[in-house]
Amino acid sequence: MTPPTVTANSLEHHWMPFSANKHFKQEPRLLTEGKGVYFKNHKGETLIDAVSGLFCSSAGHARQEIADAVQRQIMTLDYTPPFQYGQGLSFELARRVAAIAPGDLNYVFFGCSGSEAVESAMKIALQYHRVRGHGQRTRFVSRERAYHGVNFGGISLAGMVRNREMFGLTLPGVSHIRHTWREETRFVKGQAETGADLADDLQRHVELYGADNIAACIVEPIAGSTGVLVPPKGYLNRLREICTRHGILLVFDEVICGFGRTGKAFGGNSFGVTPDLMTMAKGITNGVIPMGAVAVSEAVYQAVVAAGPEKGIEFFHGYTYSAHPVACAAGLATLDIYEKEGLFERAAQMSPYFLDQVWTLKDHPLVVDLRGYGMLAGIDIKPAEKPGARGYELLQDLFKAGLMTRITNDTILLAPAFICEKSHIDEIVDKIRRVLDRHAKAGLRVVS
Ligand SMILES: Cc1ncc(COP(=O)(O)O)c(C=O)c1O
């Protein structure tokens, strides 16, 4: 394979998302190949993928079965208009997703990304209340430090300030309960014993705004992008109870947690709580083709669709690429791999080793907190003078050391593929330790 040229000119025109564009173009990090749990960069060097691409490629890169399914589908039926027409694969994929979803989340609406799944879930929640005569239920309760994608619904729900501060007022009627990180949860592996009462914030919002005005409460079971905040024991159950008591829909945003990341199909399965709606993306196609989806309960589907007009459109929403046949083919092949190789179970089995190895960093002078659950972990690094600056330096140094991962501010996020061996986990932790050692030795005070 010929590596692409990397001169500044040839990199000029792509405005990269969530990236330091100008600096990247001076010192690019280009990936040219991916196989299993490894990438290659444009210099031909090998890197271990510590975050499954971007929490997507849980079955590893370059899976032949998915490639074959995608190619077959392109040559059979490469596109179908999704409005008023269908194709068989989306129905089968919806059935398969419903089969592994918790509770009675039996109906699946497709989009192309996690962000679109969130917007779709918000609209479904609003219409659900409206058709039942509760059109005044328009408020959403979200959470501090939440990430729900980048469209306007999503950034209105967002609790990560930099994702919203440039974009004006966003949607009205969104309020935020507290996040679940506390001093006492520092270095707690898995779920903290205390903190379920933080869910009572929702009750306070009910008392402040009136339950009759609230459409839905939306949370990530584990808040991923902000740095892996694991819910305390009983917390999600308590949110569920409050929602049920007040007729508020509970939405779990499972874009990161879904498809085995927590050791079961979804976070809802792992934590024993069934939401009314559940968003997903990423792992649904192993990241190969963009796809997002919302699974909804019987009650929600019955209210919106079954009770709709006999021959008319029930829900005025959808995307040109909703249920794209090629994405569906990739999704079905991916679910086959998960099932045949028992990858969710493998994730559950590997999790204790993974977390134990991450926790060997506990006494490192630059590590100020560790959090993790399933095959997901966050490592908080002592910030330099300017928050996020050390994280950015680390991203580059880890890349040079042969490790690709995601860093939010000063938190290293880890989410290895479920096919990884213990030796891969050792390699990931070892590389992180070495790079941190170098930073500690240099006494780095990054200021720019
Ligand atoms: C919980 C959650 N929701 C939504 C999204 C947005 O997904 P996408 O980037 O596919 O739009 C993400 C992305 O990481 C996410 O973690």
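Check the entry above for the structure.
Conventions and cut-offs
- Residues numbered from 1 in each chain as written.
- Predicted model: local features only at pLDDT ≥ 70, side-chain atom pairs only at ≥ 80, totals over all residues.
- Helix = DSSP H or I, 4+ residues; strand = E, 2+ residues; numbered from the N terminus.
- Contact = placed C-beta atoms within 7 Å.
- Pairing = 2+ DSSP bridges.
- Axes fitted to C-alpha atoms, helices over the stretch in contact; angles between N-to-C directions.
- Buried ≥ 20, exposed ≤ 12 C-beta atoms within 10 Å, placed from the backbone.
- Arc of directions from axis to C-beta.

Q: Hey, could you run me through the overall build of the chain in this one?
A: When helices and strands are tallied, the chain shows 14 helices and 15 strands. In terms of overall dimensions, the chain has C-alpha extents of about 65 × 55 × 45 Å along its principal axes. Pairs at least 24 residues apart make up 72% of the contacts formed inside the chain by residues separated by at least 6 positions.

Q: I would appreciate a short explanation of the sheet that holds strand β15 (residues 411–414) in the present structure.
A: Two pairing modes exist for strands in a sheet, parallel and antiparallel, and in both the strands are linked by backbone hydrogen bonds. Sheet architecture is open: 4 strands sit in the order β11-β12-β15-β14, paired in antiparallel fashion. Strand pairing shows two members of the sheet lacking a second neighbour, β11 (367–373) and β14 (406–408), which therefore form its edges. Across this sheet, the average inter-strand angle for adjacent strands is 20 degrees, counted without regard to direction. Here strand β12 (residues 376–381) pairs with β15 via 4 bridges, running antiparallel. Pairing of Asp380 across the sheet is with Thr411, part of β15. Strand contacts of helix α12 (residues 343–359): β11, β12 and β15, with the helix running at about 175 degrees to β11, the strand carrying the most contacts.

Q: Help me out: how do you make sense of helix α10 (residues 298–306) in this one?
A: Because each turn of an α-helix spans 3.6 residues, side chains separated by three or four positions end up pointing in the same direction. Taken together, the buried positions of α10 are occupied by Val300, Tyr301 and Val304. All buried residues of α10 project into a common sector of 95 degrees when viewed along the axis, lining one side. For α10, the secondary structure elements touched by its buried residues are β4 (107–111), α5 (114–131), β9 (277–280) and β10 (292–296).

Q: Sorry if this is basic, but what is going on with the sheet that holds strand β3 (residues 46–49) here?
A: Strand order in the open sheet formed by 4 strands is β1-β2-β3-β13, and the pairing between neighbours is mixed. A single partner strand is all that each edge strand has here, and the edge strands are β1 (31–35) and β13 (403–404). Where β3 meets β13, 2 bridges bridge the pair, whose relative direction is parallel. Bridge pairing links Ile48 to Leu403 in β13.

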